[in-house]
Amino acid sequence: MTSAPKRILMAKTGLDGHWRGPTIVARALRDAGFEVIMVGMVTADEVVRAAIDEDVDLVGLNIGGHVEVAERAIAAIRAARPEVPIFCGGVVPPWAKKRLEEKGVEVFPPGSQLPEIVEAARRLTGWQAA
Amino acid sequence: MSTGTPLHVLFDRARGGERGALARLLSVAEAGGEDAAALDSLCAASAAPRARTIGITGAPGAGKSTLTAALLGCARRESQPVAVLAIDPSSPLTGGAILGDRVRMHHAAVDEGVFIRSLASRGQQGGLAQATSLGARVLEACGWPWILLETVGIGQVEVEISGRADLVVVVLNPGWGDEIQANKAGLMEVADIFVINKADRDGVAQTRRDIEGAIAARPGGAEIPVIETVATRGEGVEGVWAAIAARHAALEASGLLATRRRGRIAAELESAVMSALRRRVAVLLAGDAGLRERARIEAGASGIHEGARALLDAIVRD
Amino acid sequence: MNHDSRPQRWNSVSGIPLKSFYSAEDIPAEHRRVMDASPGAAPFHRGAYPTGYRTKAWRIFQLSGFGKPEDENARIKFLLANGETGFLMEHDRNTGDHCYNVDHPDVLARREDVGLTGAVMQSVRDIAICMDGLPIESTYGHAGGAVVQHAPFALAGYWTVAKRRGIDLRTLAGTGQSDFFLTYLGCVTKQQIPTPAGLRFNADIMEFCSKHLPRWVPVSIAGYNGADSGLNAYQELGALFANAVEYLDEIKRRGSMPMEEAARGCGGVSFRMSMDIIEEACKLRAARLMWTQLLERRYGITNPKVANLRIHCVTAGSMMTWQQPLNNIVRGTLMALAGVLGGVQSLGVSGYDEALSIPSEHAHQMSVRIQQVLQNETNLCAVTDPLGGSYYVETLTAQLVERAWQFFEEIEQQGGFLATLDSGWLHARAAENQHAEFMAQDSGERVVVGVTDFREDISPYAVDGFMGVDDAFEVALARLEEVRRTRGERRAGDALRELERVCRGSENIMPAMMEALDADVTLGEVGDVWRDVFGDWNTPIQT
C-alpha cells in the first residue's frame, strides 16, 4: 500500500494572469499522484501562510518578470519552513536562472518537459505513487 | 512523522497557537492509523469548548466556494476566528488531486483569524469522513470557534461528511429542479438551510417552489430558510450568516444539537469500527488463513458460508 | 531526432488531415461557387479591399511600452522614426489590468515589475506625458486598455488629452481593444468585473464612439489571446464570431445605434499568426468569409463597407524560444508572411527576445525591419490574395469555415460566448490543446528547432533580455502623491460619485469617465468603484 500522496503548493509570484503553465504542470503532477494545492497570484506573506497551514511537502512557484520578486518569496518560505524544497517555472533570463540555482532552487524555463518536472517533484519529496 | 516530535508536544504547541504545529496535526488526522487514533484521544481529553461546525455543500458549479469565501468575510467582520476544511475529490485513476478552494478565499490570505486547509478525498471508503471529523476536532481543541466544512457534490460521501457537522447548508442554483427531485443521497433531508445562489438568473421562484415542495413533509420543514444570494457580489450573504447563527442557536436551545451530536458519535463509532474491521478482514483474507479457506472452497471441501464463518471466528478470537 | 523517423501523420496544426497534394475536386462545391469573387467584394475571402496593398500597405503596428510614461513615449518615437506607421500605447499591467494604483498592497509586493509590461499611467497627466509630441491626428494610435475593466480609463484618458490639444474628437482615428479573450480567457486577473458588466462597458464604448468619435474603432476582438491560450485555428475563428454576436445582440437589444454602425464598430479584429503558414493565411480568408455570412444571415447586413472584416495580426509570442533567440527572427518573418499572404490590414511582429523579456530596442527595430523587407523587397504588395485559386488553400479555407461554424454552434448551444467563459468550458478546450501540444513535444512528435532538436548554438552574442527601467515605481508613487495633493479635490470627488451613480444605473458610463479623467481621478479610484458596484468575476479556473 502506498503512503499518503505528497502535497505540493503551486503559487504565482507575479500579477500577470497567464494560467496555462501552472495548470499544465498541476495536471501533470496530479496525474503522477500528487495533491496540488493551488493558491493563485500571491505575495510572499500569502505563500508562506499557505505553505505553513497546508503543511505542504514541496513548493512550486511560477515566476516571471524581475527575479527579486521571486527571491522575496523564496526567502520568506525558507525563513518559515526551511525544510521544504522549492522549485520554479516560468520566463526568466539565463542569468536569473543561474542566480536562483545558486540558491538551491531548481528552475524550469519554457520548453521544459513535463516528465522532467514530475521527476523533480518525486525526487524533492522523496515520494512516488505506487 | 518526519521530525519525530512526540504527538503530545505538537498538540500542546498547536493549542498554544502555533499554526505550523496545528497544520502538522491536521496531516496526522488525514493520514489515519495509529497516530490519528492517539490524536483523537488527546482531543477527547482536552475538554475544549465546543466549536460550531457548519457543513456547506452543493453540486459543482453552484458557487459554494464563493459563498464560503463570502461567509468568511461575515465572520471576520464580527471578529470571529473561522477555520475552513475544503474538500475536493481525488482522481480515481491516479490518486492525485487539484485542490483549488484557497484561490477563492484570497481576501483572507493572511488574516490571522482564518485557517484554511485543503483536503483531497483520497478515495477511501469512510476514511474521508473520519479524517474530516478528526480534523474538525483538532481545530476545536485548538480553540477555533467556527469551522466550515466545505464539500463539493451532493452524493453519498458529501451527505456523510455533512452529517458530521452541527448544521448543513445546501447550495443550489436556479433551474435545478431535476437535482432536487432526484435527491439520490437524501441531501434534502439533511439540509438545515438552503441557498439559491446566482439568484440573478431566471428560475429562482420555481426553484424555491421545488425546494419547499421537497421539504414540506419534513418535521419543521416550513421553518427551514431558503435564502437567495449572488455570492460574487456579496448579495444576500449576510442573511445566510445570520441564518446560520440563528439556526445553530435554535438547535442548541431546543436540545436538538445535543441529540445530533450523540447521533454523530454513534455514526462515527460505527464507521470507525467498520473501518478497523475492513482493515482486519483485508489482512486476514490476504494471509495464510484466508488463502487456506479459499483453497478448501476451491477443492470442494467447504462451502463459502462455512469458510466465511471460520474466518469470522478467527477475527473474534483475536 | 531524424526527420525520417517522425510519425507519418500529416495534419494542419488545428488537426485537419492534409492530403499530399490537392486538385480541383477537393474544393467543396459550396465554396467553389464563391471562390472567384474579387477582393473587396462579397464574400471578401480574397481581401477586404479591391486594390489591396497597392493602395495601402499594411500598417506596421508594434506593441510597445514600459517604464515611466516618458520612457514609453521615447520608445514609440523610436519606432515611428524607424518606420512603424501606427503606434500602440501599452499600459503597465500590474496596475492597469486590475485598476490598482501603485500603492495597492498587491502592486507593492511586486514593485520591481511595475512598468515592465507597459508604462504606469495612473491619471490623465501620465497619459499626457506618454502622448507628448505624438502625431495622433495623422498617425493611427491604439490607446491601450486591452483589459475590459481598464478600457474606459485608457480611452477616456486618450480622448481627454486629444481634446486638450484642441483636436475635434469627431475627426480622431484610432482604436481601443477591451478584449474578452484576454481578460476572461488568456490572462485571468486576480480581480475583474463580471462578464455582464464587461459587456455593458463595451456596448457603452461602442455607443459613445458612434455619437462622438465616428472615426474611432471602439473595441477590437482579439482572437490572438484565444489562440495563445490554446484554441486552434478554427476554434479561434468560431469563438471570435461568438464574441461579436454578444456585442451585436446587446446593441440590438438596446436599440441605441444602427446595426450597420455597430457591425462596423466591431469589424476590426485581430488574429494570431502562428507557424503553420498556409493554415494561418487560410484562417484570415475564412474569417472574412464568415463575417460576411454572419452579418447577412443573422443581421441582414450586406453593405460592403461594413461586411469587409478588417484584420490586425500579431505573430505568436509563444512560438519564440529562449534557446537560440536569433532563430526567432526567422519565425517572426514566416508568421508575418502568413499574415501578408492572408491579407492583413496591420501587423505586429513579436520581438526575437520575447521568450526572455520585453523587447529591447534592437528587437523592436528588427520587428519593423522584417515588415519593411516584406513590403519593399519581395513584390508581395503587387498582387492581392496571391494564394487564391490554390486547390489546397481554397479547400483548407472552406474546411476551416465549416469547423469554425460548428464550434460557434457549440458555443451558442451553451448560451453564447459569455456563458462559455463563465463556465470555464472555453478554458477547458484551450487547456486540452495545450496539454496535447505538450505531449506531442514530449513524445518527439513535435520538433522545435533549438529546443527539442538541433541544440548546438554558436551564436556570436548572447541575448540577455531587456528588463525596462529601474525607477518606474518610485516615480509613479511620487506622481500619484502629487496628483492627490494638487488636484481639485471637490471636483474629483464629485466626478467619482457621479461615476458610481451612473454605474449603478444603466446610463452610458463614458461621459462620466471623461469628466473623471479630466478631474484627475486616478486609476485605483476608478477600480474601487468597479469593485464596489460590480463585484468580482467568479473565475472558472484556478490560476
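Note that the coordinates shown come from a computational prediction; the quantities given were computed from them, not determined experimentally.

## Brief notes about the overall build of chain C
Inference 1: Across its full length, chain C carries 23 helices and 8 strands.
Inference 2: Principal-axis analysis of the C-alpha atoms places the extent of chain C at approximately 70 × 60 × 45 Å.
Inference 3: A buried classification covers 63% of the 543 residues belonging to chain C.
Inference 4: Considering only contacts within chain C whose residues lie at least 6 apart along the sequence, 80% involve residues at least 24 apart.
Inference 5: Between the averaged position of the 52 positive side-chain charges in chain C and that of its 70 negative side-chain charges there is a distance of 5 Å.

## Considerations on the domain arrangement of chain C
Residues and elements named next belong to chain C.
Inference 1: Each domain of chain C was delimited in the assignment, giving domain 1 (1-58 + 259-423) and domain 2 (65-220 + 456-543).
Inference 2: For domain 1 versus domain 2, the distance between C-alpha centres works out to 28 Å.
Inference 3: Between domain 1 and domain 2, the contact holds 30 residues from the first and 34 residues from the second.
Inference 4: Of the roughly 2,500 Å² buried where domain 1 meets domain 2, counting both sides, 63% is carbon and sulfur surface.
Inference 5: Looking at the side of domain 1 facing domain 2, the largest losses of area belong to Ile358, Leu418 and Leu421, adding up to 23% of the total buried there.
Inference 6: Inspection of the region where domain 1 meets domain 2 yields 0 salt bridges.
Inference 7: Joining domain 1 to domain 2, the criterion identifies 11 residue pairs in polar contact (both at pLDDT 80 or more).
Inference 8: Listing elements by their share of the side of domain 1 that touches domain 2, those giving two or more residues are helix H12 (259-265), strand S6 (268-273), helix H16 (361-377) and helix H18 (417-423).
Inference 9: Sorting elements by how many residues they give to the side of domain 1 that touches domain 2 places H16 first, with 6 residues.
Inference 10: Tallied by class, residues from the side of domain 1 that touches domain 2 come to 14 nonpolar, 10 polar and 6 charged.

## A look at the domain arrangement of chain B
Put simply, an interface is often sized by how much accessible area is lost when its parts join up.
Inference 1: According to the domain assignment, chain B contains domain 1 (1-47), domain 2 (48-254) and domain 3 (269-317).
Inference 2: Computed over C-alpha atoms, the centres of domain 2 of chain B and domain 3 of chain B are 40 Å apart.

## As for the interface of chain A and chain C
Inference 1: Facing 35 residues of chain A, the contacting portion of chain C comprises 38 residues.
Inference 2: Interface of chain A and chain C: buried area, both sides summed, is about 3,300 Å²; carbon and sulfur atoms make up 60% of it.
Inference 3: Broken down residue by residue, the surface that chain A buries against chain C is led by Leu15, Trp19 and His66 of chain A, which jointly contribute 25%.
Inference 4: Where chain A packs against chain C, one counts 2 salt bridges.
Inference 5: Between Lys190 of chain C and Glu46 of chain A there is a salt bridge; the shortest N-O distance is 3.7 Å.
Inference 6: One can count 13 residue pairs in polar contact (both at pLDDT 80 or more) joining chain A with chain C.

## Section: unusual backbone geometry
Inference 1: With an omega dihedral of -5°, the bond running from Ala42 of chain C to Pro43 of chain C counts as a cis peptide bond.
Inference 2: Topologically, Pro43 of chain C is positioned in the loop between helix H1 (29-34) and helix H2 (52-55).
Inference 3: Unlike most non-glycine residues, Asp55 of chain A shows phi in positive territory, near 50°.
Inference 4: On the secondary structure map, Asp55 of chain A appears in the loop between helix H2 (44-53) and strand S3 (58-63).
Inference 5: On the basis of relative accessibility, which here comes to 10%, the residue Asp55 of chain A falls in the buried class.

## Quick notes on the sheet that holds strand S8 (residues 226-228) of chain B
Residues and elements named next belong to chain B.
Inference 1: Pairing within the open sheet is parallel, and its 7 strands lie in the order S4-S2-S5-S1-S6-S7-S8. This sheet does not close on itself; its edge strands, each paired only once, are strand S4 (114-120) and S8. Looking at each pair of strands side by side, their axes are set apart by 20° on average, direction ignored.
Inference 2: Pairing analysis gives 5 bridges linking strand S1 (residues 52-58) to strand S6 (residues 167-172), with the strands arranged parallel. Of the residues in S6, the one forming a bridge with Gly58 is Val171.

## Some details on helix H19 (residues 425-443) of chain C
Inference 1: For H19 of chain C, spanning 19 residues, the distance from its first C-alpha to its last is 27 Å, which sits close to the expected 27 Å at 1.5 Å a residue.
Inference 2: Its buried side turned inward, H19 of chain C meets helix H1 (20-31) of chain A together with helix H8 (180-186), helix H10 (223-228), helix H11 (233-254), helix H17 (391-413) and H18 of chain C.

## Structural notes on helix H15 (residues 327-342) of chain C
Residue and element names in this part refer to chain C.
Inference 1: Along its 16 residues, H15 runs 23 Å from first to last C-alpha, staying within 8% of the 22 Å computed at 1.5 Å per residue.
Inference 2: Of the positions making up H15, those classed as buried are Asn328, Arg331, Gly332, Met335, Ala336, Ala338, Gly339, Val340, Leu341 and Gly342.
Inference 3: The inward-facing, buried residues of H15 abut H2, S6, helix H13 (277-299), strand S7 (310-315), strand S8 (346-348) and H16.
Inference 4: One or two residues past the end of H15 sits Gly343, with phi positive at roughly 85°.

## Comments concerning the packing of aromatic side chains
The relative placement of two aromatic rings is captured by the distance of their centres and the angle of their planes.
Inference 1: Evaluated as defined, the whole model comprises 22 aromatic pairs over all chains.
Inference 2: Between Phe87 of chain A and Phe108 of chain A, the aromatic rings sit 6.0 Å apart at their centres with planes inclined by 90°, giving edge-to-face as the arrangement. Within this pair, whereas Phe87 of chain A is found in strand S4 (residues 86-90), its partner Phe108 of chain A is found in strand S5 (residues 106-108), the two being separated by 21 residues in sequence.
Inference 3: For Phe87 of chain A, a relative accessible area of 3% puts it in the buried group.
Inference 4: Ring-pair connections join several aromatic residues into one group, and the members of that group are Tyr158, Trp159, Phe208 and Trp216 of chain C.
Inference 5: Sitting over the face of the ring of Tyr140 of chain C, Arg59 of chain C holds its NZ or CZ atom 3.7 Å from the ring centroid.

## Looking at a nonpolar patch on the surface
Inference 1: Side chains of Leu269, Val273, Met274 and Leu277 of chain B sit close together on the surface and give an oily, nonpolar patch of about 350 Å² of accessible area.
Inference 2: On the secondary structure map, Leu269 of chain B appears in helix H12 (residues 256-286).

## Re the interface of chain B and chain A
Inference 1: The partner chain A presents 23 residues to the 27 residues of chain B that form the contact.
Inference 2: Here chain B and chain A share an interface that buries about 2,000 Å² over both sides, 52% of which is from carbon and sulfur atoms.
Inference 3: Contact with chain A buries surface across chain B, with Ile98, Arg102 and Arg122 of chain B losing the most and accounting together for 28% of the total.
Inference 4: Note that Arg117 of chain B and Glu54 of chain A form a salt bridge whose closest N and O atoms lie 3.9 Å from each other.
Inference 5: For the side of chain B that touches chain A, the elements supplying multiple residues, two or more each, are helix H2 (19-31), strand S3 (97-99), helix H5 (101-104) and S4 of chain B.
Inference 6: Residues of the side of chain B that touches chain A, tallied by class, amount to 11 nonpolar, 8 polar and 8 charged.
Inference 7: Bridging between strand S2 (residues 35-41) of chain A and S3 of chain B involves 3 bridges; their strand directions are parallel. Across the sheet, residue Ile37 of chain A finds its bridge partner in S3 of chain B, namely Leu99 of chain B.

## Focus: the nonpolar core
Inference 1: Within the largest apolar cluster, 146 residues are counted, with the highest numbers of intra-cluster contacts made by Tyr158, Trp159, Leu172, Phe241, Trp291, Phe417 and Trp530 of chain C.
Inference 2: No fewer than three residues from each of domain 1 (1-58 + 259-423) and domain 2 (65-220 + 456-543) of chain C sit in this core.
Inference 3: Once you skip the residues sitting within four places of it in the chain, Trp159 of chain C turns out to touch Leu169, Leu172, Phe208, Cys209, Leu213, Trp216, Met510 and Met514 of chain C.
Inference 4: Formed by 52 residues, the second largest nonpolar core is a distinct cluster that contains Ala69, Cys74, Ile215 and Val226 of chain B.

## Some points on the packing of helix H4 (residues 64-77) of chain B against helix H11 (residues 237-254) of chain B
Residues and elements named next belong to chain B.
Inference 1: Viewed as axis vectors pointing N to C, H4 and H11 meet at an angle of 70°, and their least axial separation amounts to 9 Å. In terms of their interaxial angle, H4 and H11 are classed as roughly perpendicular. In this structure, the crossing between H4 and H11 has a hand that is right-handed. Together, Leu67, Ala70, Leu71, Cys74, Ala75 and Arg77 of H4 and Val237, Glu238, Val240, Trp241 and Ile244 of H11 make up the contact between the two elements.
Inference 2: Considering only residue class, the contact of H4 with H11 consists of 9 nonpolar, no polar and 2 charged.

## Regarding the pairing of S7 of chain C
Residue and element names in this part refer to chain C.
Inference 1: Taken across its 6 residues, S7 has 5 buried, putting it largely inside the fold.
Inference 2: For S6 and S7, the ladder comprises 6 bridges, and the chain directions are parallel. Across the sheet, Arg272 pairs through a bridge with Val314, a residue of S7.
Inference 3: Sheet analysis places S7 next to S8, joined by 3 bridges and oriented parallel. For His312, the partnering residue across the bridge sits in S8 and is Ser346.

Each value, and the rule that gives it
Residues numbered from 1 in each chain as written. Chains lettered and ligands numbered in written order. Predicted model: local features only at pLDDT ≥ 70, side-chain atom pairs only at ≥ 80, totals over all residues. Heavy atoms only, no water. Helix = DSSP H or I, 4+ residues; strand = E, 2+ residues; numbered from the N terminus. Buried < 20%, exposed > 50% of the residue type's maximum accessible area, 1.4 Å probe, protein only. Contact = heavy atoms within 4.5 Å. Lys, Arg positive; Asp, Glu negative; His and termini not counted. Charge placed at Lys NZ, Arg CZ, Asp CG, Glu CD. Domains from an automatic or database assignment. Buried area = accessible area lost by both parts, 1.4 Å probe. Salt bridge = Lys/Arg side-chain N within 4 Å of Asp/Glu carboxyl O. Polar contact = N/O pair within 3.5 Å; in protein donor to acceptor, adjacent residues only side chain to side chain. Nonpolar A, V, L, I, M, F, W, Y, C, P; charged D, E, K, R; others polar. Pairing = 2+ DSSP bridges. Axes fitted to C-alpha atoms, helices over the stretch in contact; angles between N-to-C directions. Expected span 1.5 Å × (residues − 1). Phe/Tyr/Trp six-rings, centres within 6.5 Å; stacked < 30°, edge-to-face > 60°. Lys NZ or Arg CZ within 6 Å of the ring centre and 35° of its normal. Patch = residues over 30% accessible without salt bridge, like charges linked within 9 Å, V, L, I, M, F, W, Y side chains within 5 Å. Areas by Shrake-Rupley, 256 points an atom, 1.4 Å probe, with all protein chains shown as cover. Core = buried A, V, L, I, M, F, W, Y, C linked by side-chain atoms within 4.5 Å. Parallel < 35°, antiparallel > 145°, perpendicular 65-115°, else oblique. Left-handed = near helix turned anticlockwise from the far one by under 90°.

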